[in-house]
Structures are given as C-alpha cells and as structure tokens.
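# Overview (structure and organization)
Residues per chain are reported as follows:
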Amino acid sequence: MDVPSVITIDGPAGAGKSTLGELLARRLGYLYFDTGVMYRALAYAASIAQIDQDDADTLGQLAETTTIEVSPPHVEDGRQYTVLVDGHDATWQIRRPEVEGLVSAVARHPQVRQVLRQRQRQIGQAGRVVMVGRDVGSVVMPDAPLKIFLEASLDERARRRTAEVNAREGHADQQRVRADVARRDALDRHVMQPAPDALIIDCDPLTPEQEVELILAHIRRI
Ligand code: DC
C-alpha cells in the first residue's frame, strides 16, 4: 500500500476528527497533529494576558511570541498529548469553557492565522503525519496527497461531544453542548471549506474504526 505522506482531516466541531486522526495515525505509524490545539493554546495565552479578543494586532504579536509545544503524553490522565504553552502544562486548561468561548474569536484574525498556519506547514512538510483541523487541506497543506473532510449532523456531533465532556468532567448538559457546537459552526464557517479534491465522509452512520477502514480502502484504491 502506497501511503500518502501527509493526510489531512478537516470538518466541523464534534465530527470526530481527533478520534479518527489519532486512530489512523496509529494504524499507519504516523504523527498525529491537531491544529486546533494551537488556536486553543493561543486563546489560553490571550486570556492569561487579558488581551481583548478584537485586538488583532496584539493577538498576532502574541502568536509570534508564544511557544506552543505539543508532544506525546507525559502524564497518564487520559490526554492524547501534552500541550505546553510557554513551558506551562496547559493540556486541560485549553479544553476549559473559558477557552472554548474565546477560541473562535481569536482564530478569526488573519494576523493570527498567518503565524499559526506557517508553523503548521512546517510540521506537515516533515511528512508521515495526519493533520486535523478546519482548513488544513484547503489552505495549510493544499498539496497534501490525501485530504479528507468529515461531515456529520448537528445532533450527532452534539451527542458525541456530550459523551466526550461527560467522560472528562463527569457531567454534561446535552442542550448546552448542542448550542455551543451550533455557535462554533457559525463562527468557524469562514475557515471551513473542503478542498476541491477532498474525500467527503458522512460520519453519522459510521464508527471511528469503520471510518479508518474506509480510508485505508480508499488508499489501496488510489
Ligand atoms: O478542533 P477544535 O475544536 O479543537 O478547534 C478549536 C478552534 O480553533 C475552533 O474554534 C476552530 C479553530 N480552528 C481553526 O480555525 N482552524 C484550524 N485549522 C483548527 C481549529
């Protein structure tokens, strides 16, 4: 099987990109890299520095000066990876509602996106990587040989996100999670375009394992 050196997976919040990305990377022996982590890490740094979410120039400078390191988990507490923001372990903080509420606003500024996309590109160019996000196939790595775009209904995404939050925090209100996913859909829409040559997968009827099999079958065919 001739496996593409870069595989991108894009799609809306709660479509299951990170579960699929991690499974696929593990099957292929590839690095798994979630670009959303960088936007979350920056939103976290902005909240600590109390930078206004509309202050594009200061946020752009913050993106340039903030060190974001993503590495294999160094603590066994259910994390997929460890995220250090300026050397501080912020793996769980970047999942907190305060960051969740801020991240789309921070991520919408071109000054921020330009800096983070450049760093993402460097990771992609090293190869043997599954990269997950919103615009990875369309903008960050448009030459990636295999681009995947996940689609899933709002109800299914809210259901999956609720289960995720529940597993992590012990409680989750599905209606609130659904409203939050819908809010983020509206805010993220401007960056979320499937690449013209993306393989579109409707995830509603599929388990993550079935999605992996579907992608591996596609790789064998191409
Ligand atoms: O995938 P996620 O929920 O962790 O993403 C967090 C935020 O970052 C989300 O609001 C969209 C934004 N994002 C983005 O704008 N571009 C990406 N490539 C990845 C995420």
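Residues numbered from 1 in each chain as written. Predicted model: local features only at pLDDT ≥ 70, side-chain atom pairs only at ≥ 80, totals over all residues. Heavy atoms only, no water.

## What to know about the overall build of the chain
Helix and strand counts for the chain come out as 9 helices and 8 strands. Taking 17 Å as the expected radius of gyration for a compact globule of 222 residues, we find that the chain reaches 17 Å, a close match to that expectation. Structurally, the chain occupies a C-alpha span of about 50 × 40 × 35 Å along its principal axes. Taking all 222 residues of the chain together, 49% fall into the buried category. Restricting to contacts in the chain with at least 6 residues of sequence separation, those with at least 24 account for 72%. Of the accessible surface of the chain, which amounts to about 10800 Å², a share of 50% is contributed by carbon and sulfur atoms. (Helix = DSSP H or I, 4+ residues; strand = E, 2+ residues; numbered from the N terminus. Rg over C-alpha atoms; globule rule 2.2 N^0.38 Å. Buried < 20%, exposed > 50% of the residue type's maximum accessible area, 1.4 Å probe, protein only. Contact = heavy atoms within 4.5 Å. Areas by Shrake-Rupley, 256 points an atom, 1.4 Å probe, with all protein chains shown as cover.)

## Focus on the environment of Ser138
Following the sequence through the fold, Ser138 ends up in helix 6 (residues 136–140). Residues Ser138 and Leu59, 79 residues apart in the sequence, show an inter-C-alpha distance of 24 Å. When near neighbours in sequence (up to four residues on either side) are disregarded, Ser138 contacts Asp10, Gln193 and Ala195. A distance of 3.3 Å separates the side chain of Ser138 from the backbone oxygen of Gln193, its partner in a polar contact. (Polar contact = N/O pair within 3.5 Å; in protein donor to acceptor, adjacent residues only side chain to side chain.)

## A closer look at the pattern of salt bridges
Under the defined criterion, the tally for this structure stands at 19 salt bridges. Across the pair Arg108 and Asp54 runs a salt bridge whose closest N-O atoms are separated by 2.7 Å. Taken together, the residues Arg108 in the loop between helix 4 (97–107) and helix 5 (110–125) and Asp54 in the loop between helix 2 (36–49) and helix 3 (56–65) connect sequence positions 54 residues apart. Of the residues examined, Asp54 reaches a relative accessible area of 51% and is grouped as exposed. (Salt bridge = Lys/Arg side-chain N within 4 Å of Asp/Glu carboxyl O.)

## Points about the side chain of Arg79
Summarising the element assignment, Arg79 is placed in the loop between strand 3 (68–71) and strand 4 (82–85). Within the structure, Arg79 has its side chain in polar contact with the side chain of Asp89 (distance 3.1 Å). In this structure the side chain of Arg79 is engaged in a polar contact, spanning 3.3 Å, whose partner is the side chain of Thr91. The residues touching Arg79, leaving out its near neighbours within four places in the chain, are Pro73, His74, Asp89, Thr91 and Trp92.

## Brief notes about the site of the ligand
As a structural note, the neighbourhood of the ligand is formed by 14 residues, with Arg40, Arg113, Arg134, Asp135 and Arg184 the closest of them. At 2.8 Å, a side-chain N or O of Asp135 approaches a nitrogen atom of the ligand. When the ligand sits alone it has 450 Å² of accessible area, and the protein chains cover 97% of it. When residues of the shell around the ligand are traced back to their parent elements, those giving at least two are helix 2, helix 4 and helix 8 (174–188). (Near = heavy atom within 4 Å.)

## What about unusual backbone geometry?
Even without glycine at this site, Gln50 takes up a positive phi of about 55°. In this structure, Arg128 is a non-glycine residue whose phi angle is positive, near 50°. Following the sequence through the fold, Arg128 ends up in the loop between helix 5 and strand 6 (129–133).

## Here's the deal with the nonpolar core
Leu24 and Ile148 are the most contacted members of the largest nonpolar core, which has 57 residues in total. No other element matches helix 2, which puts 9 residues into this core. Once you skip the residues sitting within four places of it in the chain, Leu24 turns out to touch Ile7, Ile9, Val130, Val212, Ile215 and Leu216. (Core = buried A, V, L, I, M, F, W, Y, C linked by side-chain atoms within 4.5 Å.)

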